[in-house]
Amino acid sequence: MTDKINSIIKLLEKRYPDTVCGLDWQGDPYKLLIMAILSAQCTDARVNIVSKTLFKRFPTPNDMANAELTDIEKEIHSVGLYHSKALALKECCTRLVEVYGGVLPSEMNELLTLRGVGRKVANLLRGDVFGLGGIVADTHCIRISRRLGFTDGDNPLTAEKVLSKLIPIEKQSDYCHRMVLFGREICTARSPKCDECELNLYCDYKDKT
Ligand code: SF4
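Residues numbered from 1 in each chain as written. Predicted model: local features only at pLDDT ≥ 70, side-chain atom pairs only at ≥ 80, totals over all residues. Heavy atoms only, no water.

What follows deals with the overall build of the chain. Each helix and strand in the chain was counted, giving 11 helices and 0 strands. Relative to the 2.2 N^0.38 estimate, which gives 17 Å for 209 residues, the radius of gyration of the chain is 18 Å and therefore close to what a compact globule would have. Projected onto the principal axes, the alpha-carbon positions of the chain cover approximately 55 × 30 × 30 Å. In the chain, buried positions account for 47% of the 209 residues. In the chain, the share of contacts with a sequence separation of at least 24, taken over all contacts with a separation of at least 6, comes to 58%. (Helix = DSSP H or I, 4+ residues; strand = E, 2+ residues; numbered from the N terminus. Rg over C-alpha atoms; globule rule 2.2 N^0.38 Å. Buried < 20%, exposed > 50% of the residue type's maximum accessible area, 1.4 Å probe, protein only. Contact = heavy atoms within 4.5 Å.)

Take the environment of Pro168 next. Position of Pro168 relative to the elements: it lies in the loop between helix H10 (156–166) and helix H11 (169–185). Taking C-alpha positions, Pro168 is 9.8 Å from Gly134, a pair spaced 34 residues apart along the chain.

Another point: the environment of Arg57. Counting through the fold element by element, Arg57 comes out in helix H3 (residues 44–57). Taking the relative accessible area as the measure of exposure, Arg57 reaches 40% and is therefore partly exposed. Sequence spacing of Arg57 and Arg178 is 121 residues, and the spatial spacing of their C-alpha atoms is 32 Å. Other than its neighbours up to four places away in sequence, Arg57 contacts Asp71 and Glu75.

Here the focus is the domain arrangement of the chain. With domains assigned, the chain is organised as domain 1 (2–19 + 133–202) and domain 2 (29–128). Here domain 1 and domain 2 have C-alpha centroids that lie 26 Å from each other. Counting residues at the interface gives 11 residues for domain 1 and 8 residues for domain 2. When domain 1 packs against domain 2, the two sides together hide about 720 Å² of surface, and 48% of this comes from carbon and sulfur. Three residues stand out in domain 1 for area buried against domain 2, namely Gly133, Val136 and Glu160, and they jointly supply 45% of the buried area on that side. Inspection of the domain 1/domain 2 interface yields 2 salt bridges. Applying the counting criterion to the domain 1 and domain 2 interface returns 5 residue pairs in polar contact (both at pLDDT 80 or more). Elements with a minimum of two residues in the side of domain 1 that touches domain 2: H10 and H11. (Domains from an automatic or database assignment. Buried area = accessible area lost by both parts, 1.4 Å probe. Salt bridge = Lys/Arg side-chain N within 4 Å of Asp/Glu carboxyl O. Polar contact = N/O pair within 3.5 Å; in protein donor to acceptor, adjacent residues only side chain to side chain.)

Glancing now at the site of the ligand. Around the ligand, the surrounding shell holds 11 residues, and the nearest of these are Cys187, Cys194, Cys197, Cys203 and Tyr205. Here the shell around the ligand is composed, by residue class, of 8 nonpolar, 1 polar and 2 charged. (Near = heavy atom within 4 Å. Nonpolar A, V, L, I, M, F, W, Y, C, P; charged D, E, K, R; others polar.)

Next up on the list: empty space enclosed by the protein. Gaps left between atoms show up when a probe the size of a water molecule is rolled over them. According to the stated counting rule, one finds 1 cavity of 30 Å³ or more in the structure shown. In this structure, the largest cavity encloses a volume near 100 Å³. Lining the largest cavity are 14 residues, and of these Phe182, Cys187, Cys194, Cys197 and Cys203 lie nearest its centre. Of the residues contributing to the lining of the largest cavity, the split by class is 10 nonpolar, 1 polar and 3 charged. (1 Å grid on protein atoms, 1.4 Å probe; cavity = no way out; pocket = protein on both sides within 12 Å on 5 of 7 lines; lining within 4 Å. Points joined across faces, edges and corners; volume = space filled by probe spheres on them.)

A complete count under the given rule lists 11 salt bridges for this structure. Between Arg15 and Glu185 there is a salt bridge, and its shortest N-O distance comes to 3.3 Å. With Arg15 in helix H1 (residues 2–15) and Glu185 in helix H11, this residue pair connects regions lying 170 residues apart in the sequence.

Here it is as structure tokens:
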């Protein structure tokens, strides 16, 4: 399995030499935290648009913590699930300010105490902000891992555990960013483009073309 994943990593690095997070967080951990929470069931493009005005209005965790819920809701209305997301942003930032002095913690168990932060978001933050690695088991990562034969189900925790053992820490974040690009472009949920896929040789997907 290690040889297989290493070959896959090399091929993906060739296809996508530059990897960037789809969220335009501009190197500010607070922004990535907020944008990652907003991105649940929403496109990165939409989150990037909404965040521009959101961060003008609430530029710091303290501003978000002290905002009126209805004001946050107005700003994020178009991302969907806006009521629960607004509540998550406010409560997350309240804890961030009160417990961590407004500075994002790096430990998984600390990140998971912030409202709106599950393992997927926590791994994204640990990888992109702190360089600690982390498997972001999103829909693309889970689907492609299953098709490639690394996992046999849709459980995000299983995908996270399996891949985090196989992929070196320093490559984990970029691997996941590349999975998103690959999942959108080639190994799509419906009608994957197997005939033009360089991972075809390594793929167990029974319905591949
Ligand atoms: S061969 Fe098809 S199913 Fe397998 S990874 Fe490539 S696109 Fe996805």
